[in-house]
Every structure is written in C-alpha cells, then in structure tokens.
Amino acid sequence: MIKTTHEISNEDGYIKYNFFEIHPSLEGILSDDYYKYASKDFTKDELCEALYKENFYDKYDESQYKEVYEKYINNKNFKDKALFIYSVIDFDRYKEFALANDTIENPNELTLTYSILDSSGVKVNIYNLTITDISFVF
C-alpha cells in the first residue's frame, strides 16, 4: 500500500492530516495533487462540481429517473463521496486505466482509503473505496 499524509489544518498546535492508503495498482489514476484534498491548497472545487454535473445532472433526466435522483444524485452523502473521488482521481488517467483493464480479477483488492489523522493520534476513517466505487461515478 502507498501511504501519504498532508497537513490540512493547524490551529494552536492541533494539527489535522489527510491520510491516504492506496493500492499500488491505483497510483497511475491519481491526480498529481490528490493529497491536497480538504486543505487550504485544494483548488479543484469547480472542476469537481462540473464533473458531477456532467456525470449525473446532465446524463439523467429528473422526471424520467426519479428513483436515481432520490437514491443517488440528490443524496448529500453520495454527492460528497463522488466529489471526493473527482478530487483525487484524474479523469483522463482513469479513462486510460479503464481501457487497458476491461476485466479486473479482484476489484475489491484495488482500494483507496481516506482518513483524517490528528496530532493527538486519533484516526477517523472517512472513505474506503474500491475501483468499483470509482468507476460508478465516471
């Protein structure tokens, strides 16, 4: 596993860090600045919203796909997870990966785990994603 940390906040000595654990096979689809997610250095909010719009609002008519809107598109937790994926995965690299890997033997092994660590040693697991989760939002 590839492990990466990056400081996301520092208030009066209380520090929070992004902590990523990534299967080596997924390294090639990461955006160059994935580790900056949720930090003051993160600059991809507009890109992530545009990808969400393109992949969901523009693809599915709300009157025709009411259940999809209720279960996924208008679900805040689902949207947050999709925006996270768009924040850390490079769309063009993902497309190349998908074309090169039409079949994946063990998709549950290709994981990306995101947690927040703090200076007190507390670790909060936020997302534990597989390649299946990633492919669903693209």
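Right, let's walk through the structure included here. (Residues numbered from 1 in each chain as written. Predicted model: local features only at pLDDT ≥ 70, side-chain atom pairs only at ≥ 80, totals over all residues. Heavy atoms only, no water.)

## Some details on the nonpolar core
Argument step 1. If you look at the biggest cluster of nonpolar residues, it comprises 34 residues, and the most contacted ones within it are Phe-20, Leu-26, Phe-84, Tyr-86, Ile-89 and Leu-112.
Argument step 2. Residue contributions to this core peak at seven residues, all from helix H3 (residues 76-88).
Argument step 3. Excluding residues within four positions of it along the chain, Ile-89 makes contact with Ile-29, Leu-30, Ser-31, Tyr-94, Leu-112, Ile-134 and Phe-138. (Core = buried A, V, L, I, M, F, W, Y, C linked by side-chain atoms within 4.5 Å. Buried < 20%, exposed > 50% of the residue type's maximum accessible area, 1.4 Å probe, protein only. Helix = DSSP H or I, 4+ residues; strand = E, 2+ residues; numbered from the N terminus. Contact = heavy atoms within 4.5 Å.)

## Digging into the pattern of salt bridges
Argument step 1. In total, this model carries eight salt bridges according to the counting rule given.
Argument step 2. Residue Glu-21 pairs with Lys-123 through a salt bridge whose shortest N-O separation is 3.6 Å. Taken together, the positions of Glu-21 in strand S2 (residues 14-22) and Lys-123 in strand S4 (residues 123-130) put the pair 102 residues apart, joining distant regions of the chain.
Argument step 3. The partly exposed category is assigned to Lys-123, whose relative accessible area is 45%. (Salt bridge = Lys/Arg side-chain N within 4 Å of Asp/Glu carboxyl O.)

## Thoughts on the sheet that holds S4
Argument step 1. Read across the open sheet, the four strands follow the order S1-S2-S3-S4; overall the sheet is antiparallel. Sheet topology places strand S1 (2-11) and S4 at the edges, where each strand pairs with a single neighbour. Across this sheet, the average inter-strand angle for adjacent strands is 15 degrees, counted without regard to direction.
Argument step 2. Taken together, the nine bridges between S1 and S2 define a ladder with antiparallel strand orientation. Looking across to S2, one finds that Thr-4 is bridged to Phe-20. (Pairing = 2+ DSSP bridges. Axes fitted to C-alpha atoms, helices over the stretch in contact; angles between N-to-C directions.)

## What to know about the packing of aromatic side chains
Argument step 1. According to the stated counting rule, one finds 20 aromatic pairs in the structure shown.
Argument step 2. Ring centres of Tyr-37 and Tyr-114 lie 5.4 Å apart, and the angle between their planes is 85 degrees; on these two criteria the pair is classed as edge-to-face. With Tyr-37 in the loop between S2 and helix H1 (45-57) and Tyr-114 in strand S3 (residues 111-118), this pair connects stretches of sequence that are 77 residues apart. Of the two residues, Tyr-37 and Tyr-114, both sit in the buried class.
Argument step 3. Put simply, the rings of Phe-20, Tyr-34, Tyr-35, Tyr-37, Phe-42, Phe-84, Tyr-114 and Tyr-127 touch in pairs and so form one group of aromatic residues. (Phe/Tyr/Trp six-rings, centres within 6.5 Å; stacked < 30°, edge-to-face > 60°.)

## Brief notes about the environment of Asn-74
Argument step 1. If you trace the backbone, Asn-74 turns up in the loop between helix H2 (66-73) and H3.
Argument step 2. Considering only alpha carbons, one finds Asn-74 and Tyr-57, 17 residues apart in sequence, at a separation of 9.6 Å.
Argument step 3. Excluding its chain neighbours within four sequence positions, the residues that come into contact with Asn-74 are Tyr-57, Glu-62 and Tyr-69.

## Side note on unusual backbone geometry
Argument step 1. Positive phi outside glycine occurs at Asp-12, with the angle close to 55 degrees.
Argument step 2. With respect to the helices, strands and loops of the structure, Asp-12 is situated in the loop between S1 and S2.
Argument step 3. A residue is classified by how much of its surface remains accessible, and Asp-12, at 85% relative accessible area, is exposed.
Argument step 4. Not every positive phi belongs to a glycine, and Ala-38 is a case in point at roughly 65 degrees.
Argument step 5. Structurally, the position occupied by Ala-38 is in the loop between S2 and H1.

## Considering the side chain of Asp-118
Argument step 1. By the secondary structure assignment, Asp-118 is in strand S3.
Argument step 2. Lys-16 provides the closest opposite charge to the buried, salt-bridge-free Asp-118, at an N-O distance of 7.6 Å.
Argument step 3. Within the structure, the side chain of Asp-118 is placed 2.9 Å from the backbone nitrogen of Val-122, a separation counted as a polar contact.
Argument step 4. In contact with Asp-118, not counting residues within four places along its chain, are Tyr-14, Ile-15 and Lys-16. (Lys, Arg positive; Asp, Glu negative; His and termini not counted. Polar contact = N/O pair within 3.5 Å; in protein donor to acceptor, adjacent residues only side chain to side chain.)

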